[in-house]
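# Breakdown of the fold
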There are 2 protein chains.
Amino acid sequence: MTIKLNADGTVTDPQGFQVGTATCGIKASGNPDLMLLHSTENCAAAGMFTTNQVVGAPVTLNRETLKSNTTNMRAIVANSGIANACTGNHGLNNAIEMQNIASKSLQCNPNQVLVLSTGVIGVQLPMEKIGKGIRTASSNLSHNSGCHGAEAIMTTDTNPKYCAVEIKLPTGTVTIGGIAKGAGMVHPNMATMLACITTDAQVPASILHSALKTAVNKSFNRISIDGDTSTSDSVLIMANGTSGISCAQGDSRKAFTAALTCLSTNLAKQIVRDGEGVNKFVTVHVTGAPSVKAAHIVANSIATSPLVKTAFAGSDPNWGRIIVAAGKSGVPFDSSKTQLWIGSDLEDELQLVKQATPCDYDENIAQYIFSQPEFYVHLDLGNGESEISVWTGDLTEEYVRINSDYRT
Amino acid sequence: MTIKLNADGTVTDPQGFQVGTATCGIKASGNPDLMLLHSTENCAAAGMFTTNQVVGAPVTLNRETLKSNTTNMRAIVANSGIANACTGNHGLNNAIEMQNIASKSLQCNPNQVLVLSTGVIGVQLPMEKIGKGIRTASSNLSHNSGCHGAEAIMTTDTNPKYCAVEIKLPTGTVTIGGIAKGAGMVHPNMATMLACITTDAQVPASILHSALKTAVNKSFNRISIDGDTSTSDSVLIMANGTSGISCAQGDSRKAFTAALTCLSTNLAKQIVRDGEGVNKFVTVHVTGAPSVKAAHIVANSIATSPLVKTAFAGSDPNWGRIIVAAGKSGVPFDSSKTQLWIGSDLEDELQLVKQATPCDYDENIAQYIFSQPEFYVHLDLGNGESEISVWTGDLTEEYVRINSDYRT
């Protein structure tokens, strides 16, 4: 039993999935802004959504749809450029209308279609353009166009995000494919994090949901940038079973969950790497915590601290900021037991802090590590056995420029 | 009974207080970096300290000192340039040594002296220079040099911060004076927030502590910039009673607390205005919350959101970011009831959002308000009667530049 990542793979790699795209004219750039992801067979489906209390109309609608149908889903329709959030009842009706138009084009029921929107808040969708776009996309559905789908859901992303994993089981091979769009460096109101995942494995909806939850908690929920969640963050998965291989039990179920986690982690890291103004990819590794939850809170506190992130940007191994960010997290620890290491892929690990006081290290080496495009900081709290890694980027002047000038 | 703010007042305005300063040579700039604040009479004393678990040696020492003595305090010795934090036992011994040297110079007991340090973390104090500085400062103590004290505790501050309030009571007049240093835009490891407050009112230590707690919660704890707390944030107050006027009971006690709050608020706002890279002073006013605590959490969530703060910087009235920041705070509210107004001092209040959907407002006026040096955003949650205001600044490219290049 092996799991193999395919960096060129996408949502149309699993059997029976097609993608169509269109240019509705919502994006000022004139780039494609509508995607239809379709399965030729009914799918088990599951979704995970933003924890923000203010949610876009598509999130409200998808939650309802998944209440009535998790067993014969057929499609996802997505637009970029307008988020359909803070748009009231009018917006909810527009989301329902998207669902209706897509279901007619695909000759299925409305509750077999999930809806995603990403873009600016507080603006109504131009439904005539959207309707035309959905009909166009349904006319160019293809088994080879998953990457085009990844392009059609981009907003401030600079590149499309996709990958696939292949699981070789004793009973045969199943594939999971995914596309995603970025959340910018933080989760700006335009740049919602969206992911669509497909698989030809046979997985009952309840097991699919459980696998998705595990995978999301170990991947998308660990790209902690500033703690913000957008109104529309969504991860959707559809399993159409066309491979004829079951991943419902035992080792195959475990392998499926592991492979889904692998795929989700890859997509999540692509989102961080393409974050607004991000020049560095930093892994924050916290060990010696009393629980995984505590480790996560400490890691987030470090990964979201503007002072830590500007130090990353400036290649300044300013370890005081890291310890202080951990200290404000609210997780109790004995600061006199803390240890801190930094390193890059060059096997150049350097200990900066032992028992809360600075080690006698070479500042030049520390600066060199922080000047690498990828590096890690490893904080041990000396207060338990639990650990976690989260992924983040640096905070640059470019980020401020992008987000100050965004709507103007 | 009246309370009058004096913007030119300082810690030496109350009777019986003196300040001396010195240049130890810790700051690269060659500016004064040591202050001695002395009372000619014994003082009731109280302190409020950082909630960060990682604390500087002076915080540890002051907590101990205030356990054994809140009734006959005599002095505060403070240095800038080095924070004496993350310095282990050696650092704690240095803080004790500062206390000892100051007490010898002032001919009092060590536990009659409080100690403050602000600056870089993880570096030991040069005790020979510090000792010389304390002796110099004790030789130039003056009743007119409070402003010099404010200068000697500056780090990244661009101006000294001080003010005083006068309370006219039926029994006579008492004065409260204060100096503070800034926390930068956030609370960087160098730029700890410190404040020293003096008064000639007669106030028993327990009442002094209670008044200080009220005042700090309504002032310094409301300059929520990024939720960070430094290792050394401290507010100290000394009351020497030399006015002969008691503020221990009834209306005079209430007036004292009100005046102390007024002084603290003024100092806190000075800190925000002088924040690193801050060009705009923004009041975030949250109403209609189920409790003051809930209102505070929502206001902090808005005031610390990088997306909201970059929108302030870009004069972009991007209200979606404000609603979304409130939504992620964890405080439950019905987003369909939210209302949002913005305005400046020009009586130009503009409603942007009603029942979670955009009003038909003039975008040019909204942009004009956000382009002002001071403005407010007012969010009503429609879920209760509680409210709060917090003060914050914008997030500019300059901030990132300052904090990326800080140690290099």
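Residues numbered from 1 in each chain as written. Chains lettered and ligands numbered in written order. Predicted model: local features only at pLDDT ≥ 70, side-chain atom pairs only at ≥ 80, totals over all residues.

### Quick notes on helix H8 (residues 306-313) of chain B
Residue and element names in this part refer to chain B. Under the convention used in this document: For the exposure call, what matters is how many other C-beta atoms sit within 10 Å of a residue's own: 20 or more marks it buried, 12 or fewer exposed, and in between partly exposed, using C-beta atoms placed from the backbone. Here a helix means four or more residues in a row that DSSP labels H or I, a strand means two or more in a row labelled E, and each is numbered from the N terminus.
Within H8, eight of the eight residues are buried, which leaves it mostly tucked inside the rest of the structure. Of the residues making up H8, those classed as buried are Pro306, Leu307, Val308, Lys309, Thr310, Ala311, Phe312 and Ala313. At the exit of H8 stands Ser315, carrying a positive phi of roughly 50 degrees.

### Focus on the pairing of strand E7 (residues 172-181) of chain A
Residues and elements named next belong to chain A. Spelled out, the test is: In this analysis, strands are considered paired if DSSP registers two or more bridges between them.
Most of E7 sits inside the fold, with eight of its ten residues counted as buried. Pairing between strand E6 (residues 161-169) and E7: nine bridges, direction antiparallel. Bridge pairing in E7 places Glu166 opposite Thr175. Here E6 hands over to E7 after two residues, the two strands then running antiparallel side by side. Pairing of E7 with strand E8 (residues 194-199), which is carried by six bridges, proceeds in the antiparallel orientation. For Ile176, the partnering residue across the bridge sits in E8 and is Thr199.

### Observations regarding the sheet that holds strand E11 (residues 339-344) of chain B
Taken together, the six strands give an open sheet; going across it, the order is E13-E12-E11-E14-E10-E15 (chain B), and neighbouring strands pair in mixed fashion. Either end of the sheet is taken by a strand with one partner, and the two such strands are strand E13 (357-358) and strand E15 (386-393) of chain B.

### Things to note about the sheet that holds strand E10 (residues 281-289) of chain A
Pairing in this open sheet of six strands is mixed, and the strands run E13-E12-E11-E14-E10-E15 (chain A) from one edge to the other. Edge positions in the sheet fall to strand E13 (357-358) and strand E15 (386-393) of chain A, since each has one partner strand and no second.

### So, the domain arrangement of chain A
Formally: What fixes the domain bounds is an automatic or database domain assignment.
Once the domains are mapped, chain A shows domain 1 (2-273) and domain 2 (281-404). Of note, the centres of domain 1 of chain A and domain 2 of chain A, computed from C-alpha atoms alone, are 33 Å apart.

### Examining helix H3 (residues 127-139) of chain B
All names here are of chain B. Note the following rule: To estimate the expected span of a helix, subtract one from its residue number and multiply by 1.5 Å. Think of it as the arc spanned by the lines of direction from the helix axis to the C-beta atoms. Residues are treated as contacting if the C-beta atoms built from their backbones sit within 7 Å of each other.
Spanning 13 residues, H3 covers 18 Å between terminal C-alpha atoms, matching the ideal 18 Å at 1.5 Å per step. Looking at H3, one finds that the buried residues are Ile130, Gly133, Ile134, Ala137 and Ser138. Looking down the long axis of H3, one finds its buried residues gathered within 130 degrees of arc, a one-sided arrangement. In H3, the exposed residues that point more than 90 degrees away from the buried face are Glu128 and Ser139. Looking at the packing, one finds that the buried side of H3 touches strand E2 (17-22), strand E3 (34-49), strand E4 (73-82) and helix H2 (88-106).

### Focus on the environment of A:Ile207
All names here are of chain A. Secondary-structure assignment places Ile207 in helix H5 (residues 205-217). Given 20 C-beta atoms within a 10 Å radius, Ile207 is considered buried. Separated by 163 residues in sequence, Ile207 and Ala44 have C-alpha atoms that sit 9.6 Å apart. Discounting residues that sit within four places of it in the chain, Ile207 has contacts with Ala248 and Arg253.

### Considerations on unusual backbone geometry
Of note in this structure, A:Gln107 is not a glycine but carries a positive phi near 55 degrees. Looking at where A:Gln107 falls in the secondary structure, it is placed in the loop between helix H2 (88-106) and strand E5 (113-120). Exposure remark for A:Gln107: the 8 C-beta atoms within 10 Å place this residue in the exposed category. Not every positive phi belongs to a glycine, and B:Cys86 is a case in point at roughly 55 degrees. Its place among the elements puts B:Cys86 in the loop between E4 and H2. Residue classification places B:Cys86 among the buried positions, given that 28 C-beta atoms sit within 10 Å.

### Digging into the environment of A:Phe312
All names here are of chain A. Mapped onto the elements of the fold, Phe312 is located in helix H8 (residues 306-313). Phe312 sits 205 residues away from Gln107 along the chain, and the two C-alpha atoms are 52 Å apart. Setting aside its immediate chain neighbours within four residues, Phe312 contacts Lys280, Val282, Phe370 and Asp394.

### Some details on the packing of H2(A) against helix H3 (residues 127-139) of chain A
All names here are of chain A. To keep it simple, the criterion reads: Axis angles are defined between N-to-C directions and span 0 to 180 degrees, where every axis is a line fitted to C-alpha atoms and, for a helix, only to the segment in contact. Roughly parallel here means an angle under 35 degrees, roughly antiparallel means over 145, roughly perpendicular means 65 to 115, and every remaining angle is called oblique. By definition, turning the near helix anticlockwise from the far helix through less than a right angle yields a left-handed crossing, and turning it clockwise yields a right-handed one.
Running from N to C, H2 and H3 cross one another at 30 degrees; their axes reach a closest spacing of 9 Å. Classified by the angle their axes make, H2 and H3 are roughly parallel. Crossing of H2 against H3: the hand is right-handed. Each of Asn94, Glu97, Met98, Ile101, Ala102, Ser105 and Leu106 in H2 lies in contact with H3, whose residues at this interface are Met127, Ile130, Gly131, Ile134, Arg135 and Ser138.

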